[in-house]
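# Summary of the model geometry
Spelled out, the chains give:
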Amino acid sequence: MQLQRPVNEGFLILDYGSQYTLLIARRLREIGVYAEIIDGSRQTAPSEDFHFHGIILSGGPDSVGEEGARSLPAWVTASTKPILGICYGMQLMAEASGGKLRSGQSREYGKTHLKFDWKDLPAYAASLKTLLQDQIVWMSHGDDVEAPHSSFVTLAYTDEKVVGVIAHREKPWIGLQFHPEVQHTECGEEILKAFVFDICKAPRNWDSSQMLEASIDRIRQNVGKGKVLMAVSGGVDSTVAAVLLTRALGAAQVHAIFVDHGLLRKDEAKWVQEQFHLLGVQLTTLDKKKEFYSDLAGVTDPEQKRKIIGRKFIEAFEEFAKGHQKEFTHLGQGTLYPDVIESAGHGAGAKVIKSHHNVGGLPEKLALELVEPFRFLFKDEVRTIGRALGIPPLLVDRHPFPGPGLAVRIIGAIDAEKVRILQEADAIFIKNLHEHNLYHQVWQAFAVLLPVKSVGVMGDNRTYQDVCALRAVTASDGMTAGVGDLPISFLVNVGSEIVRKVHGINRVVYDVTTKPPATIEWE
C-alpha cells in the first residue's frame, strides 16, 4: 500500500517531456502551494479527490502538429480553471485556439532579452504588468507562435521578433515562450506567484517544514503493527526514510539492509554502520563486493554498468528478504517524486529518463506492502524533514552521490585497483573542501578517474600513470549547474596531495564545463 498524497488540493502540471517539468513543481512548492505532475496526453480529467486551482502546461521536445506529437486534451480546453502554457505548452494553447505556428525559423537557447508591449492587457492579468518588464529570460525552443488567434493579445517579443508572451482576451489563459521556472529568468518566481495567487486565487497550503508529524501519522496508519524491511544506500533519502520509519514505529519494527557493492566512497560502509547505530536504526550490511566486481569485469558502457548494478542490488536484497520473509510485512524505500516521474516516461512519445530499481521492481517479487514516505517529495523537502528529525548535518547535508556509485566515475572498465585509486583521490578532495570551509559553497564535488595515461616525472624517474579529474559545481537544483569557483591555489594544493599520496595518479585536471552542455556526472 502506497502512502496517500500529502494534501488534496493544489496545481496540476501536464508533462510534455520537458527537462524542466519537475522544476515547475518544485518552484510552486517553494512559493507555498502543492503541485503534482500528470501525463500531458491524459485524455480523462483527474478524479475529484484532488481539487486543482489551475493547470500548467510544460515545455517539451515535440513539434505541434507533427505525427506523434502530444496534443492538448479536451478536458483541459473545456476547463474553466486558469491555464499557464510554458514553451511547448504555449504553442499547444495557441494552436488549440486557431493560431499559426512555425518550426525551425527562430531557434533560441539560453538567456534572451524580452521586450514588452502593454496594449490591451486583460484585466485578469493586471498583476503581471509590474513584473513583465523588459528583462532577461531563459529560452529553449526551436518552434514558436508565428501569429496568435485574434482572441489573444501579444504582450512581448524577443529581439528576434519571436512572440514571447500571449494572453487570452477573456479566458484566464497565459502563454510564455520562455521558462519562468529556470533560475536564469529574472522575474520567474514573481511571475509564477502572480499566476498562482493573483490569477488562480489559490491559498498557500504547502510547507515542507510542517511535514514531519503528518508523515509519522500516515506511516502508523499504513503499517500498524507490521514490520518494515528498509532498503538503504547510505545516502540522504534512504537514511532519512529509515530514521523517520524508526521514529514512527519504533526500532523493533524497522530493519535496514545496506548492500556494500564495493563502489562506495572510502570507508563508506564502516561509516554508514556507525551512523545508523548512533541514529538507533537496526542495520544489516551485506558484503557483495566480489559478486559486483565479477559481473562488471570488462564492462565499459555506462548504461550497461547501471543495469548490472541495479540487477545485482535487487538480487542481493531478494536473497536476504526471502530468507526472512515471514518476519516482514512491508518494504520501505527512499523513493522520491523525481524517481517516480523519471521512471514513468509520460506519454506515448516520451522517453524514460533513467530507470530506478526502487520504483516498482522489488515489491512485485517479494509480496510485501510498499511504504514510501517520500514518494511525493523532492530532495530538499526530505532534507527539511531530516533536520526536523535531528539528523546531524554531516548526514542530511551531504553532497548527492550517484546510485551506481563510483562505477560511473571510473570511465571505462572497473576493477578493485581502480576503485581504490579513485577512493583515495576523492577522499583527499572532499577532506580539503571541509578543511578550507568550501564544502558547502558548492552543490556537489567529486573526483573522476579517466581512461587516459600521462607521462610524468617523480624524482628522477619517468612515470606513465592515470589522470584524475576534479569536478565541483554550483547549483540550486541540479537542473543547471555552474562551475565551482574554487581558488586556484586550493586546486593546486589538492592536486599536489593527490599525486604525492595516491599511487597510480600522476596528473590532476579540473573540469570547467557548465551544465548544459555537459552533465554534472561524467557518465
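In what follows, the accompanying structure is described.

### As for empty space enclosed by the protein
The full count for this structure, using the stated rule, is 2 cavities of 30 Å³ or more. Roughly 30 Å³ of volume is contained in the second largest cavity. Around the second largest cavity, the lining residues are Leu-84, Leu-128, Leu-132, Ile-174, Leu-176, Ile-191 and Phe-195. Within the residue set of the lining of the second largest cavity, elements represented by two or more residues are strand S9 (173–176) and helix H4 (188–199). Considered class by class, the residues forming the lining of the second largest cavity number 7 nonpolar, no polar and no charged.

### Describing the sheet that holds strand S12 (residues 282–287)
Here 5 strands make up an open sheet; going across it, the order is S12-S11-S10-S13-S14 and the pairing parallel. Every interior strand has two partners, whereas the edge strands, S12 and strand S14 (369–371), have only one. Ignoring strand direction, the axes of neighbouring strands in this sheet form an average angle of 25 degrees. Sheet topology places strand S10 (residues 228–232) next to strand S13 (residues 330–332); 3 bridges connect them, and they run parallel.

### Structural notes on the pattern of salt bridges
Side chains bearing opposite charge may pair, as long as their charged atoms lie close to each other. Within the structure shown, the criterion is met by 30 salt bridges. With its nearest N and O atoms 3.1 Å apart, the salt bridge here joins Glu-30 to Arg-27. One end of the pair is Glu-30 and the other is Arg-27, both in helix H1 (residues 21–30) and 3 residues apart, which spans about a single turn. Take Arg-27: its relative accessible area is 11%, and that puts it in the buried class. Among the ionic pairs, Glu-315 bridges to Arg-311, the shortest N-O distance being 3.2 Å. Taken together, the residues span about one helical turn, with Glu-315 and Arg-311 both in helix H9 (residues 302–323) at a distance of 4 residues. Residue Arg-311 is classed as partly exposed on the basis of its relative accessible area, which comes to 38%. Because the salt bridges share partners, they merge into one network encompassing Arg-26, Arg-27, Glu-30 and Asp-380.

### So, the environment of Ser-233
Inspection of the secondary structure puts Ser-233 in the loop between S10 and helix H6 (236–249). Sequence separation of Ser-233 and Gly-405 is 172 residues, and the distance between their C-alpha atoms is 9.9 Å. Those residues in contact with Ser-233, other than ones at most four positions away along the chain, are Ser-238 and Phe-258.

### What about the pairing of strand S2 (residues 35–39)?
Two faces belong to every sheet, and in a regular strand the side chains alternate between them. Burial analysis of S2 places 4 of its 5 residues in the buried class, which makes it a mostly covered element. Pairing between strand S1 (residues 9–15) and S2: 5 bridges, direction parallel. Bridge assignment links Phe-11 to a residue of S2, and that residue is Ala-35. The parallel pair S1 and S2 is bridged by H1, and the resulting crossover is right-handed.

Rules used in this analysis
- Residues numbered from 1 in each chain as written.
- Predicted model: local features only at pLDDT ≥ 70, side-chain atom pairs only at ≥ 80, totals over all residues.
- Heavy atoms only, no water.
- 1 Å grid on protein atoms, 1.4 Å probe; cavity = no way out; pocket = protein on both sides within 12 Å on 5 of 7 lines; lining within 4 Å.
- Points joined across faces, edges and corners; volume = space filled by probe spheres on them.
- Helix = DSSP H or I, 4+ residues; strand = E, 2+ residues; numbered from the N terminus.
- Nonpolar A, V, L, I, M, F, W, Y, C, P; charged D, E, K, R; others polar.
- Pairing = 2+ DSSP bridges.
- Axes fitted to C-alpha atoms, helices over the stretch in contact; angles between N-to-C directions.
- Salt bridge = Lys/Arg side-chain N within 4 Å of Asp/Glu carboxyl O.
- Buried < 20%, exposed > 50% of the residue type's maximum accessible area, 1.4 Å probe, protein only.
- Contact = heavy atoms within 4.5 Å.
- Right-handed = clockwise from strand over helix to strand, strands pointing away.

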